[in-house]
Amino acid sequence: MRRLLLFPLRWSGILCVPGGVLWALSPTGVYISNFAFHTPNVFWKMFWPAPLLILLGLVGLQIRQWDRSGLLEKVGFSVAALGLVMVIAGDIGLYWLGIDDIFIVAAPAYRTFRIGLLVLAVGSILFAVSAPREGALPTWGLLPFVLGALCGLISFSHDLGTFGAALWILFGLGWAWLGLSLVVRGFSSFLRTRRTMGGVAAKR
C-alpha cells in the first residue's frame, strides 16, 4: 500500500512541466486579458494553477531523492515550497477573495504574493545548487534551472518592463525543463533496464 501511494508522488515531478509552461505563458495571458477585457485581473484570477502544479512537482522531485539530499537541499525545498504557497495564497486572496479591497493600506494579499515570489526564487536556487550530483535529477537538467531561478529573482525584485517579462518567462521555462529532465531520465532508465533484461533472456 505504501509503495502504491509513493509511486504517483515520486512521479508527480512531471507536473513541473505543465506548471512551468503555464508560468512562462503568463505575460501572454496578461496581454490577452488586457486586450480582451481591458484589465489583467481576468488572467491573474486563473494564474494560481501554475504555482500549484509546480508545488506538486517540487514535492515529487524531493521525494525521489529525500534520502540522499543534504540539509541545504531540504532547506531549499522548504523555502521554495513556502514561496509557492505564498504565491498561491496571495493570488487567491487578491483576485478571488478581494482581501486588499478591505485592507487597502496594508494590502496583505499583494504583499504575500510579491514576497512569495522572492522566497520562491531563493528557495529554487538553494534546492538546485545543493542537489546531489548523482541524484534523481540529472546535472544537465539542474544547470538551466539555476539560470532560470536567477532570472526569476531579478524579475521579482524589480519592475523591469518587457525585460522583466522575458526573465519571468525564463523562470517558468526553467521549471518546465527540470520536469522534462526527470521524464528523459526515467525513460532512459527504462530503456536500459529493458535492454539488460533482453540480454539476460537471450543468454539463457
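Parameters at a glance
Residues numbered from 1 in each chain as written. Predicted model: local features only at pLDDT ≥ 70, side-chain atom pairs only at ≥ 80, totals over all residues. Heavy atoms only, no water. Helix = DSSP H or I, 4+ residues; strand = E, 2+ residues; numbered from the N terminus. Buried < 20%, exposed > 50% of the residue type's maximum accessible area, 1.4 Å probe, protein only. Contact = heavy atoms within 4.5 Å. Areas by Shrake-Rupley, 256 points an atom, 1.4 Å probe, with all protein chains shown as cover. Axes fitted to C-alpha atoms, helices over the stretch in contact; angles between N-to-C directions. Parallel < 35°, antiparallel > 145°, perpendicular 65-115°, else oblique. Left-handed = near helix turned anticlockwise from the far one by under 90°. Nonpolar A, V, L, I, M, F, W, Y, C, P; charged D, E, K, R; others polar. Patch = residues over 30% accessible without salt bridge, like charges linked within 9 Å, V, L, I, M, F, W, Y side chains within 5 Å. Salt bridge = Lys/Arg side-chain N within 4 Å of Asp/Glu carboxyl O. Expected span 1.5 Å × (residues − 1). Core = buried A, V, L, I, M, F, W, Y, C linked by side-chain atoms within 4.5 Å.

1. Some points on the overall build of the protein chain
Helix and strand counts for the protein chain stand at ten helices and zero strands. Counting from the amino terminus, the protein chain carries its helices and strands in the arrangement α-α-α-α-α-α-α-α-α-α. Taken over 204 residues, the protein chain has a buried fraction of 41%. For the protein chain, restricting intrachain contacts to residue pairs at least 6 apart in sequence, the fraction spanning at least 24 positions comes to 74%. Accessible surface for the protein chain amounts to roughly 11,500 Å². Of this, 72% is attributable to carbon and sulfur atoms.

2. What about the packing of helix 8 (residues 108-129) against helix 9 (residues 139-157)?
At their nearest, the axes of helix 8 and helix 9 sit 9 Å apart, and the two run at 155° to each other. The angle between helix 8 and helix 9 places the two elements in the roughly antiparallel class. Every pair of crossing elements has a handedness; the one defined by helix 8 and helix 9 is left-handed. Across from R114, L117, L118, A121, V122, S124, I125, F127, A128 and V129 in helix 8, the residues of helix 9 making contact are L142, F145, V146, A149, L150, G152, L153, F156 and S157. By residue class, the composition of the contact of helix 8 with helix 9 is 15 nonpolar, three polar and one charged.

3. Considering the environment of L52
Tracing the chain through its elements places L52 in helix 5 (residues 49-64). Linking L52 and V85, residues 33 residues apart in sequence, is a C-alpha distance of 7.8 Å.

4. Observations concerning a nonpolar patch on the surface
A cluster of nonpolar side chains, namely I14, W140, W177, L180, V183 and V184, defines an oily patch on the protein surface of about 470 Å² accessible area. When residues of the nonpolar patch are assigned to their parent elements, the largest contribution, four residues, is made by helix 10 (residues 161-203). By the secondary structure assignment, V184 is in helix 10.

5. A closer look at helix 3 (residues 26-37)
Here helix 3 spans 16 Å end to end across twelve residues, near enough to the 16 Å set by a 1.5 Å rise per residue. Two residues or fewer after helix 3 comes H38, characterised by a positive phi angle close to 60°.

6. Overview of the nonpolar core
Judged by nonpolar contacts, the single largest core of 36 residues is most densely connected at W23, F47, L58, F127, W175 and L178. Counting only elements with at least two residues in this core, the list comes to helix 2 (16-24), helix 4 (41-45), helix 5, helix 6 (71-95), helix 8, helix 9 and helix 10. Among the elements that line this core, the one with the most residues is helix 8, at seven residues. With near-sequence residues (within four places) excluded, W23 lies in contact with F47, A50, P51, I54, L117, L120, F156, W168, F171 and G172.

Keep in mind these numbers describe shape, not what the thing actually does.
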